[in-house]
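Spelled out from the first residue to the last, the chains are:
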Amino acid sequence: MTLIGKMQEWPLTVNKVIEHAKLNYPRQRVITRTVEGPIVETNYAEIHDRAKQVSNALKADGIQMTDRVATLAWNTSRHMETWFGAMGIGSVLHTINPRLHPEQIAWIANDAEDKILFVDTTFLPLVEAVKDHLKTIEKFVIYCDADGMPETSLANAVSYEAYINGQSQDCVWGDFDENTPCGLCYTSGTTGNPKGVLYSHRSNVLHTLMTGMTDALGISIHDRVLPVVPMFHANAWGLTFTCPAVGAEMVMPGAQMDGASIYEMLTKYKVTTSAAVPTVWMMLLQHMEANNLELPDLTRVVIGGSAVPERILRTFQEKYGVEVGHAWGMTETSPLGTVGSLTPEQKKLSEEAQIACKLKQGRAPFGVEMKIVDDNGKELPRDGETSGHLLVRGMAIVDTYYKGAGADGGSILDKDGFFDTGDVANIDENGFMQITDRSKDVIKSGGEWISSIDLENIAVGHPKVANAAAIGIYHPKWDERPLLIIQMNEGETATKEEILKQLEGKIAKWWTPDDVAFVDSIPLGATGKINKLALREQFKDYKLPTA
Ligand code: AMP
């Protein structure tokens, strides 16, 4: 006789998150700096109710289960309403990254077969420019009031408020299988075409529970959270789900992401926790240092997307008393993979040793399994030194890309179901992981690997340096040698020797870059990371003085 568990079937669908928030924290606020300018306040009850209006408007337009509904939008409460409104009826919310090249945006919308596009007025010119290439979008909903509708050359365009106005706040949500797709996000795609990651309701709910754990994002009902990380970058690292799930208030930055605007939102609304990539924090810290400002309420920042430079970590912790949670993840991992919350043993270490631990990407929360392997797929030791390809599997990690992309007819997983992240890392005996490079960015000198990330992070520690990138340049003897590319702070200059001095004693001697090149600006990709592909193109004919 087969015996099965006698517990309730309660499909893990994301509508339950906002339903829970409406019931239990109806008046917890979501504050938004609107794209039009004024700051507006709403709450979880209103977001829930208006999301139902979105659902009904979508249904009236014939949107069905698994149809793709796209957004090209900033973090705002309207975006959040669309998010839950589309997901609640089983359609797929596809967040498009507006920082991609317009041609790529059109390609992605066609590949996803988006039916409706919700768009912020900021991005209207972008959409108008590619409208003739959009093959599947039948309607454009512009995020604005009915009387604020801008002139547009888009056919079949309507204001958001007119679109949902008069729709009922009654709608059945979530009456479907928990494996129904729920969100679609394309990876920034440094090679080839972007690939879609199709999240399921189940994976997003499990990811929400995971991020809600104290040692993960550590957010509670007592927090006010400012997600600087956009909803189009891997679901704002899950915060659009985690905050309503735990009842934390949200402060949405809208279109203004500069240091002064973020600072204003952080202080005016007494934000306790925020999350962003290092480049954003760099802008905020520069603004604060230039104007002698304080951060009285902020207790924690989550930093990920790229490695946290030591200067940012130290400034937050030592100058402003803000704890840094260094996180690693990717679009394919929903995105949380690891967080650098210290263990009891690590907390007993000296302050300096704790900083060293925090510069690592951290440990896997329950639900993520990691291993490192060599070029032949053989597992490598967890000794904190040996580096290898970082592989992951777990409850919210990609199995197959949308439409099978990237698999060449096979699987993107190894025989044990692990996904190759494309990152190179070491893991220590306590499970603390440290990314040493992207597989394709690692500089291969005489068969040994030089970490471009290490060189960059030490170089940005120089007070005059705004940003740094290290790439491998062809060398007849060593195959590749490092070139360090430097963007100075506005109005500053330095010599090659001065920059190299910054690295002295902090790296193995043979890691020292063979040359330093100064540029006006280091190109950033669509998610705020250094665009190494563009740099490699720019420096493809570069001759090293040592060659
Ligand atoms: P994306 O899918 O655009 O979020 O990019 C994921 C990639 O960003 C990862 O595979 C890493 O290469 C990089 N990344 C994310 N977080 C970190 C981090 N904390 N340190 C170093 N690299 C990171």
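One can find the structure itself at the top, above this paragraph.
In this report, the structure presented in the accompanying data block is examined. Worth saying up front: this structure is predicted, and the values here are computed from it rather than measured.

1. Here we look at the site of the ligand
Neighbouring the ligand are 16 residues, the closest being A327, T331, D423, R438 and K529. A distance of 3.0 Å is found between an oxygen atom of the ligand and a side-chain nitrogen or oxygen belonging to H233. The contact in question runs from a nitrogen atom of the ligand to an N or O atom on the backbone of S306, over 3.4 Å. Burial of the ligand by the protein chains amounts to 93% of its free accessible area of 500 Å². With 4 residues, strand 14 (residues 323–329) is the single largest residue contributor to the shell around the ligand. For the shell around the ligand, the class distribution of residues is 4 nonpolar, 9 polar and 3 charged.

2. What to know about helix 12 (residues 310–320)
The set of residues buried in helix 12 consists of I312, L313, T315, F316 and Y320. The inward-facing, buried residues of helix 12 abut helix 11 (278–291), strand 13 (300–303), strand 14 and helix 14 (351–358). Immediately beyond the C-terminal end of helix 12, within one or two residues, lies G321, with a positive phi of roughly 65°.

3. Some points on unusual backbone geometry
The omega angle of the peptide bond from S334 to P335 is 15°, so this bond is cis rather than trans. Phi at N235 takes a positive value of approximately 55°, unusual for a residue other than glycine. Positionally, N235 belongs in helix 8 (residues 234–237). Accessibility expressed as a relative area gives 4% for N235, which makes it buried.

4. Comments concerning the pairing of strand 14
Across the 7 residues that make up strand 14, a large majority, 5, are buried. Pairing of strand 13 with strand 14 involves 4 bridges; the strand directions are parallel. Counted as the bridge partner of V302 is G325 from strand 14. Bridge count for strand 14 against strand 15 (residues 336–339) is 3 bridges, and the pairing is antiparallel. Bridging from a neighbouring strand, G329 pairs with L336 of strand 15. Counting the residues between successive antiparallel strands, the hairpin from strand 14 to strand 15 contains 6 residues, one of them, S334, with a positive phi of roughly 80°.

The rules behind each value
Going along each chain's sequence as written, the residues are numbered from 1 onward. This being a predicted model, a pLDDT of at least 70 is required before a residue's local features are given, and a value of 80 or more before pairs of side-chain atoms are given or counted; all residues contribute to the totals for chains, interfaces and linings. Only heavy atoms go into the side-chain values, all of them from the structure, while hydrogens and water stay out. Here, proximity means that at least one heavy atom of the residue falls within 4 Å of the molecule or strand. Polar contact is defined as a pair of N or O atoms within 3.5 Å, subject to the rule that within protein one atom must be able to donate a hydrogen and the other to accept it, and that residues adjacent in sequence are counted only when both atoms are side-chain atoms. The accessible surface values rely on the Shrake-Rupley method and a 1.4 Å probe; as for residues, cover is taken only from the protein chains in view. Think of it this way: any DSSP run of H or I at least four residues long counts as a helix, any run of E at least two long counts as a strand, and we number them from the N terminus. Under the grouping applied here, Gly and all other residues not named as nonpolar or charged are polar, the nonpolar ones being Ala, Val, Leu, Ile, Met, Phe, Trp, Tyr, Cys and Pro and the charged ones Asp, Glu, Lys and Arg. Think of it in three bands: residues with accessible area under 20% of the maximum for their type are buried, residues over 50% are exposed, and the middle band is partly exposed, with areas taken using a 1.4 Å probe on protein chains only. Contact definition: two residues touch when any of their heavy atoms are within 4.5 Å. Pairing between strands requires that DSSP locate at least two bridges from one strand to the other.

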